[in-house]
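Breakdown of the fold
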Amino acid sequence: MNSVDNFLAQLALHLQPDQIRIDEETRLRYGQDWSNSLTPHASVVLFPRKTEEVAFILKTSSEFNLAIIPSGGRTGLSAGAVATKGEVILSLEQLNFIGPIHEGALTLRVGAGAITEAVHDFCKPHKLTWPVDFASKGSSTVGGNIATNAGGVRVIRYGNTRNWVLGLTAVTMDGTIHEFNGELEKNNTGYDFRHLLIGSEGTLAVVTEAELKLSPLPQERLVFFFSLENFKSVVELFTFVRKRVSGLSAFECLDRASLDSVVQHLGKAAPVKNLGKVFVLMEVESHSTEGTDALFAQAEGWLNAIFETGLVLDGVMAQNEREAVALWQYRETVAESILNSHDVHQEDVSVPIAKLSDFFSEIEARYAKAYPEFKVFFFGHIGDGNLHIFIQRPGSHSSAATGEMSKEEFFARTKASDLELFKVLKNYRGSISAEHGIGLLKKHAIHFTRSPAEVALMRAIKKAFDPQDLLNPGKIF
Ligand SMILES: Cc1cc2nc3c(=O)[nH]c(=O)nc-3n(C[C@H](O)[C@H](O)[C@H](O)COP(=O)(O)OP(=O)(O)OC[C@H]3O[C@@H](n4cnc5c(N)ncnc54)[C@H](O)[C@@H]3O)c2cc1C
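This write-up is about the structure you can find in this document. (Residues numbered from 1 in each chain as written. Predicted model: local features only at pLDDT ≥ 70, side-chain atom pairs only at ≥ 80, totals over all residues. Heavy atoms only, no water.)

This brings us to the packing of helix α1 (residues 3-12) against helix α3 (residues 51-63). Geometrically, a packed helix pair is captured by the angle between its two axes and the distance between the axes. The N-to-C vectors of α1 and α3 enclose an angle of 150°; their axes lie 10 Å apart at closest approach. It follows that α1 is roughly antiparallel to α3 by the angle criterion. Crossing hand, α1 versus α3: right-handed. Only Phe-56, Ile-57, Thr-60 and Ser-61 of α3 make contact with α1, whose side of the interface consists of Phe-7, Gln-10 and Leu-11. When grouped by side-chain class, the residues that make up the contact of α1 with α3 number four nonpolar, three polar and no charged. (Axes fitted to C-alpha atoms, helices over the stretch in contact; angles between N-to-C directions. Helix = DSSP H or I, 4+ residues; strand = E, 2+ residues; numbered from the N terminus. Parallel < 35°, antiparallel > 145°, perpendicular 65-115°, else oblique. Left-handed = near helix turned anticlockwise from the far one by under 90°. Contact = heavy atoms within 4.5 Å. Nonpolar A, V, L, I, M, F, W, Y, C, P; charged D, E, K, R; others polar.)

Rendered as structure tokens:
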């Protein structure tokens, strides 16, 4: 018997047969994430249902010197949960309890495998929410959100996942179960391991449970879709709005190629008639109980002022919640519409907001030059200085028609061209990964954002948590 067989024999003593899967379909499915650019190779997929089972699995795999990859909803876009070397996948999806809520503390306890949207649904009847929100919320898990310190569409108002996690139960590779920060709002007693784990991409410990912080659900919201001439106008509009509009909860953008992709994907017409080069989805929320009419009346003043700037070519405001959901669809399905059936190379960059306008002018021209034969899409969380740039290979996922570039050639070519972009980004003191993490796909470029001294510190921390280098090895650095 090889070491994997011995390991499985040990696990079989403690886990149910349906918690250990070795069939090829499961290994392929759980070995891959939405980045879909590497060939998955996992040896086994495990489904613990309790923290104690995770502890047993990690301790046993340490004894057998086997590498473990923590896995959530696999919606990641940097191959953080991807297995390429026969690793053991530890799926948290069955450790997914939600509740109870503590209405005084405004907290909620969940299992790491709880689906983000299910957490929202659970909180809604209590007029509360966990304000981590983005297009993949129907599949992503709280554990994955924590491990990537996920951002999303309302960071401008609520910040990243980090702001909404009070405590973590997490297991290190030696099988020790830790309670990092418990349920404490205040706890200045040395290093805060909770925050160290948030954003560590499953390389330090496996998160099994979390104490989440909740926020009151807004009473009302107004949603707008604007058409603008160019990115420069978008940045000017943002500056204008930020000074005048209270309750701004989202300021998202998409370019014309992204809108065209969504329109085709949804089979719906564009929401505005006069189509510029860039579009903004803006949301304003209110916690007042005065009702929608009062919010409309308040908005009238600044809305007129917005149109008087001349920055907006066309615009529409949702008249009710149904229309608000429909407008959001144009922003939320951008990534899905581009990834759908195509190989896509993705960038997820950020620059200081004050430098956005200059950055745009510089990279737009560079992309046109670097990728003349590919479709390039610009969209993202512009209010956070965060832009996604997706480059699509012609042809569907699996095929390359005669004369077309193969998948491997495409990814090698785009990876090489990235380095030029990253040099520009460094000049702006930007980040090569604003919210998707480093995973396997951005490892080669971490030095554009982090100094050698910082990477050395990260390695030292990794060694302290995982001396055998068995937890998500090869990710980040
Ligand atoms: C259409 C689409 C839109 C997206 N929009 C956004 C967005 O707006 N903002 C944003 O930030 N991201 C976005 N993402 C990326 C992705 O959804 C997030 O990174 C999400 O937080 C990943 O959660 P997951 O459960 O799918 O994690 P996975 O993909 O399964 O894993 C991600 C990383 O976390 C680790 N991990 C997972 N669970 C645990 C755990 N319990 N303990 C320790 N480590 C763990 C994995 O090893 C891996 O390194 C988007 C993705 C898609 C496909």
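The rest of the description comes next.
Looking at helix α4 (residues 116-123), one finds that the buried residues are Thr-116, Val-119, His-120 and Cys-123. Down the axis of α4, the buried side of the element spans an arc of 100°, and every buried residue falls inside it. Close packing links the buried residues of α4 with β5 (98-102), β6 (107-111), β7 (128-129), α5 (142-147) and β10 (206-213). (Buried < 20%, exposed > 50% of the residue type's maximum accessible area, 1.4 Å probe, protein only. Arc of directions from axis to C-beta.)

What follows deals with the pairing of strand β3 (residues 68-71). Neither face of β3 is left uncovered, since the one carrying Ile-68 and Pro-70 and the one carrying Ile-69 and Ser-71 both have all their residues buried. Bridge analysis of β3 against strand β4 (residues 87-91) gives four bridges, and the strand direction is parallel. Each bridged residue has a counterpart across the sheet, and for Ser-71 the counterpart in β4 is Ser-91. (Pairing = 2+ DSSP bridges.)

Here we take up the packing of helix α8 (residues 231-244) against helix α10 (residues 292-308). Direction vectors running N to C along α8 and α10 enclose 160°, while the axes themselves pass 11 Å from each other. Classed by the angle they form, the pair α8 and α10 counts as roughly antiparallel. Crossing handedness for the pair α8 and α10: right-handed. Note on element contacts: α10 touches α8 through Trp-302, Ala-305 and Ile-306, opposite Leu-237, Phe-240, Val-241 and Arg-244.

Within the element layout of this structure, Ala-67 appears in the loop between α3 and β3. Residue class for Ala-67 comes out buried when judged on its relative accessible area of 18%. C-alpha of Ala-67 to C-alpha of Val-223: the two residues are 156 residues apart in sequence and 46 Å apart in space. With near-sequence residues (within four places) excluded, Ala-67 lies in contact with Glu-87, Val-88, Leu-470 and Pro-473.

Once rolled over the atoms, a probe with the size of a water molecule shows which space is left empty. When its volume is computed, the largest pocket comes out at roughly 1,000 Å³. Lining of the largest pocket is provided by 50 residues; of these, Thr-75, Gly-76, Phe-134, Ser-136 and Ser-140 occupy positions nearest its centre. When residues of the lining of the largest pocket are traced back to their parent elements, those giving at least two are β3, α5, β10, α11 (321-332), α12 (334-339), β17 (375-381) and β18 (386-392). If you tally residues by element for the lining of the largest pocket, the top one is α5, at four residues. Within the lining of the largest pocket, the residues separate by chemical class into 19 nonpolar, 24 polar and seven charged. (1 Å grid on protein atoms, 1.4 Å probe; cavity = no way out; pocket = protein on both sides within 12 Å on 5 of 7 lines; lining within 4 Å. Points joined across faces, edges and corners; volume = space filled by probe spheres on them.)

Here we come to the site of the ligand. Neighbouring the ligand are 36 residues, the closest being Pro-70, Gly-73, Thr-75, Ser-136 and Thr-141. In this structure, an oxygen atom belonging to the ligand sits 2.7 Å away from a side-chain N or O atom of Thr-141. With respect to the ligand, the side chain of Glu-435 contributes an N or O atom lying 2.9 Å from a nitrogen atom. Protein burial of the ligand: of its 980 Å² of free accessible surface, 97% is covered by the chains. Counting atoms within 2 Å of the grid points, the majority share of the ligand lands in the largest pocket. Contributions of two or more residues to the shell around the ligand are made by β3, α5 and β10. Of all the elements, α5 adds the most residues to the shell around the ligand, at four residues. (Near = heavy atom within 4 Å. Polar contact = N/O pair within 3.5 Å; in protein donor to acceptor, adjacent residues only side chain to side chain. Areas by Shrake-Rupley, 256 points an atom, 1.4 Å probe, with all protein chains shown as cover. Sits in = over half its atoms within 2 Å of the grid points.)

So, on to the environment of Val-349. The residue Val-349 is located in strand β16 (residues 344-350) in this model. On the accessibility criterion, Val-349 (1% relative accessible area) is buried. For Val-349 and Gly-86, which are 263 residues apart along the polypeptide, the C-alpha to C-alpha distance reads 31 Å. With sequence-adjacent residues up to four places away left out, Val-349 is seen in contact with Phe-359, Gly-385, Asn-386, Leu-387, Ile-389, Leu-421, Phe-422, Leu-425, Ser-431, Ile-432 and Ala-434.

Bringing the sheet that holds strand β2 (residues 42-46) into the picture now. By definition, the strands of a sheet pair up through backbone hydrogen bonds, in either a parallel or an antiparallel sense. Spatially, the four strands line up as an open sheet ordered β1-β2-β4-β3, and their pairing is mixed. Two strands bound the open sheet, and with one partner strand each, they are β1 (20-21) and β3. Sheet strands touched by α1: β1, β2 and β4. Its angle to β2, the strand with the most contacts, is close to 5°.

It is worth spelling out the sheet that holds β18 at this point. In spatial order, the strands read β15-β12-β14-β13-β17-β18-β16; together these seven strands make up an open sheet with antiparallel pairing. Two strands in the sheet have a free side with no partner beyond their single neighbour: β15 (312-317) and β16. When the angles between neighbouring strand axes are averaged without regard to direction, this sheet yields 15°. Pairing analysis gives seven bridges linking β17 to β18, with the strands arranged antiparallel. When the bridges of β18 are listed, Phe-379 appears paired with His-388.

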